[in-house]
Amino acid sequence: MTSILTYHVVSGKVESGDLSTGPVTTVNGADVDVSVDDDGSVRVNDSNVIIPDVQACNGVIHVIDAVLIPPTPESAPEPEACDLGTIVDVAVGNGSFETLVAAVTAADLVETLSGDGPFTVFGK
């Protein structure tokens, strides 16, 4: 929900007359595409600004006719197949990492360090 809401917010006070066609970075970090037509009408992505310049003490609101949905992040590449086992598997199976295994277990990090990673661990 926060990601969607922050995709509707741009830093600074930008009134409709200050808008120009092009990408604008939102507080979410992703860009929206602003289009300003010759007649002054404004679109944000696929939404129309239906009421511009509603003033507030700390900024301005432009009423749009649809919810803006942020782009989905690019999927991480599939991890390469590996037969070595996870860090936990290797640490336990090696027999030389008693302190590391005890610390990981005590800190409840077994599940984390059994995850996709990658991780770098300095241990003994």
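Look up: the structure comes first, before these words.
Just so it is clear, the structure is predicted and the values come from calculations on it, not from any experiment. (Residues numbered from 1 in each chain as written. Predicted model: local features only at pLDDT ≥ 70, side-chain atom pairs only at ≥ 80, totals over all residues. Heavy atoms only, no water.)

**Some details on the overall build of the protein chain**
From N to C terminus, the protein chain includes four helices and five strands. Starting at the N terminus and ending at the C terminus, the protein chain contains elements arranged as α-β-β-β-β-β-α-α-α. Whereas a compact globule of 124 residues would reach a radius of gyration of roughly 14 Å, the protein chain reaches 25 Å, over 25% beyond that. Taking the principal axes of the C-alpha coordinates as reference, the protein chain spans close to 75 × 35 × 20 Å. Residues counted as buried form 15% of the 124 residues belonging to the protein chain. Across the protein chain, every contact between residues at least 6 apart in sequence was considered, and the portion connecting residues at least 24 apart equals 35%. Carbon and sulfur atoms make up 56% of the accessible area of the protein chain, which totals about 9200 Å². (Helix = DSSP H or I, 4+ residues; strand = E, 2+ residues; numbered from the N terminus. Rg over C-alpha atoms; globule rule 2.2 N^0.38 Å. Buried < 20%, exposed > 50% of the residue type's maximum accessible area, 1.4 Å probe, protein only. Contact = heavy atoms within 4.5 Å. Areas by Shrake-Rupley, 256 points an atom, 1.4 Å probe, with all protein chains shown as cover.)

**Quick look at the nonpolar core**
Of all hydrophobic cores here, the largest spans eight residues; its members are Tyr-7, Ala-30, Val-32, Val-34, Val-42, Val-44, Val-49 and Leu-68. Secondary-structure elements contributing two or more residues to this core are strand S2 (31–36) and strand S3 (42–44). Here Ala-30 is in contact with Tyr-7, Val-24, Thr-25 and Pro-71, once residues within four sequence places are set aside. Of all hydrophobic cores here, the second largest spans five residues; its members include Val-88, Leu-100, Val-104 and Leu-113. (Core = buried A, V, L, I, M, F, W, Y, C linked by side-chain atoms within 4.5 Å.)

**Observations regarding the sheet that holds S3**
Taken in spatial order, the five strands of this open sheet run S1-S2-S3-S4-S5, and their pairing is antiparallel. The open sheet is flanked by strand S1 (22–25) and strand S5 (59–64), the only strands paired with a single partner. Taken pair by pair, the neighbouring strands of this sheet meet at an average axis angle of 40 degrees, ignoring direction. Bridge analysis of S2 against S3 gives three bridges, and the strand direction is antiparallel. For Val-36, the partnering residue across the bridge sits in S3 and is Val-42. (Pairing = 2+ DSSP bridges. Axes fitted to C-alpha atoms, helices over the stretch in contact; angles between N-to-C directions.)

**Quick notes on a nonpolar patch on the surface**
A cluster of nonpolar side chains, contributed by Ile-50, Ile-51, Val-54 and Ile-61, occupies part of the molecular surface with about 330 Å² of accessible area. A per-element tally of the nonpolar patch places strand S4 (residues 47–56) first, with three residues. Here Val-54 is to be found in strand S4. (Patch = residues over 30% accessible without salt bridge, like charges linked within 9 Å, V, L, I, M, F, W, Y side chains within 5 Å. Salt bridge = Lys/Arg side-chain N within 4 Å of Asp/Glu carboxyl O.)

**A short note on the side chain of Thr-26**
Take Thr-26: it is sitting in the loop between S1 and S2. With a relative accessible area of 6%, Thr-26 lands in the buried category. From its side chain, Thr-26 meets the backbone oxygen of Ala-30 in a polar contact 2.7 Å long. For Thr-26, the residues in contact, after removing those within four places along its chain, are Thr-6, Tyr-7, Val-9 and Val-32. (Polar contact = N/O pair within 3.5 Å; in protein donor to acceptor, adjacent residues only side chain to side chain.)

**Regarding the pairing of S2**
Of the strand pairs in this sheet, S1 and S2 are connected by four bridges, and their pairing is antiparallel. Bridged to Thr-25 within S2 is Asp-31. Turn length for the S1-S2 hairpin, with the two strands adjacent in sequence and antiparallel, is five residues, and the turn residue Gly-29 shows positive phi of about 105 degrees.

**Focus: the environment of Ile-51**
Note on placement: Ile-51 falls in strand S4. The partly exposed category is assigned to Ile-51, whose relative accessible area is 43%. With 35 residues separating them in the primary sequence, Ile-51 and Ser-16 have C-alpha atoms 9.8 Å apart. In this structure, Ile-51 is in contact with Ile-61, His-62 and Val-63, ignoring residues within four places of it in sequence.

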